[in-house]
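Per-entry structural report
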Amino acid sequence: MDRTLVLVKPDGVQRGLIGEIISRLERRGLKIVGMKLMQVSGELANRHYGEHEGKPFFAGLVGFITSGPIVAMAIEGNNVVGLVRTTVGETNPADSAPGTIRGDLGVDIGRNLIHGSDSDESAKRELSLFFTEGELVDYSRDTDPWIIEA
Ligand code: DAT
Ligand code: MG
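An account of the accompanying structure is given in this report. Everything numeric here is computed off the predicted structure, so don't read it as measured data. (Residues numbered from 1 in each chain as written. Chains lettered and ligands numbered in written order. Predicted model: local features only at pLDDT ≥ 70, side-chain atom pairs only at ≥ 80, totals over all residues. Heavy atoms only, no water.)

Moving on, we get to the side chain of Asn112. Within the secondary structure layout, Asn112 lies in the loop between helix 6 (101–105) and strand 4 (114–116). With near-sequence residues (within four places) excluded, Asn112 lies in contact with Lys9, Asp11, Thr91, Pro93 and Arg102. (Helix = DSSP H or I, 4+ residues; strand = E, 2+ residues; numbered from the N terminus. Contact = heavy atoms within 4.5 Å.)

Moving on, we get to the sheet that holds strand 3 (residues 70–76). Ordered in space as 2-3-1-4, the four strands form an open sheet in which the pairing is antiparallel. Two strands close off the open sheet at either side, each with one partner strand: strand 2 (31–38) and strand 4. Sheet twist, expressed as the average angle between the axes of neighbouring strands with direction ignored, equals 15 degrees. Two elements, strand 1 (residues 3–8) and strand 4, share three bridges in a ladder whose sense is antiparallel. Counted as the bridge partner of Val6 is Gly116 from strand 4. (Pairing = 2+ DSSP bridges. Axes fitted to C-alpha atoms, helices over the stretch in contact; angles between N-to-C directions.)

This part covers a nonpolar patch on the surface. Together, Trp146, Ile147 and Ile148 give the surface a local cluster of nonpolar side chains, amounting to about 390 Å² of exposed area. Tracing the sequence through the fold places Ile148 in the segment after helix 8 (144–147). (Patch = residues over 30% accessible without salt bridge, like charges linked within 9 Å, V, L, I, M, F, W, Y side chains within 5 Å. Areas by Shrake-Rupley, 256 points an atom, 1.4 Å probe, with all protein chains shown as cover. Salt bridge = Lys/Arg side-chain N within 4 Å of Asp/Glu carboxyl O.)

Okay, helix 7 (residues 120–130) next. Along helix 7, the residues that are buried comprise Ser122, Ala123, Glu126, Leu127, Leu129 and Phe130. Take helix 7 and look down its axis: the buried residues cluster within an arc of 155 degrees, on one side only. Those residues of helix 7 that are exposed and aimed more than 90 degrees away from the buried face are Glu121, Lys124 and Ser128. Residues of helix 7 that are buried make contact with strand 1, strand 2, helix 3 (42–48), strand 3, helix 5 (80–88) and strand 4. (Buried < 20%, exposed > 50% of the residue type's maximum accessible area, 1.4 Å probe, protein only. Arc of directions from axis to C-beta.)

Right, here's the structure in full:
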């Protein structure tokens, strides 16, 4: 089963959009298997965004993700990395289609509300930064047969 990391970034928390963002993921049928409100440290931010080190926006990105609490989620399901990315939209909210989280709720690339891992490999690496295996819950939903044809 695939898993991915989702973060409601500090702008989403500050704007009172935690529920709105989680609702959109839930309504799509995605299954949350881990969740917590937390403050990201500089060290965690540097590790999480390690691939962007050296880019001109890196300092701003680390400053932003550490600027206030975030909500971290682990989401599980077949092809869940891609499903989350299409629900999130493009990196720049200005380029994101209406109906996506970034396209409906944001306007600026530096305030794009949500993170979703970009590959199974990134997801594995990022999930291990934010969650221990013991924090992820194994359960099934009675609605699963209404969401996924077995
Ligand atoms: P995504 O979050 O869509 O996976 P990414 O991994 O390329 O995008 O970049 C991580 C974050 O860095 C992104 O959510 C917003 C910020 N970012 C990316 N490109 C940027 C740019 N050209 N200017 C400013 N911020 C940028
Ligand atoms: Mg990315």
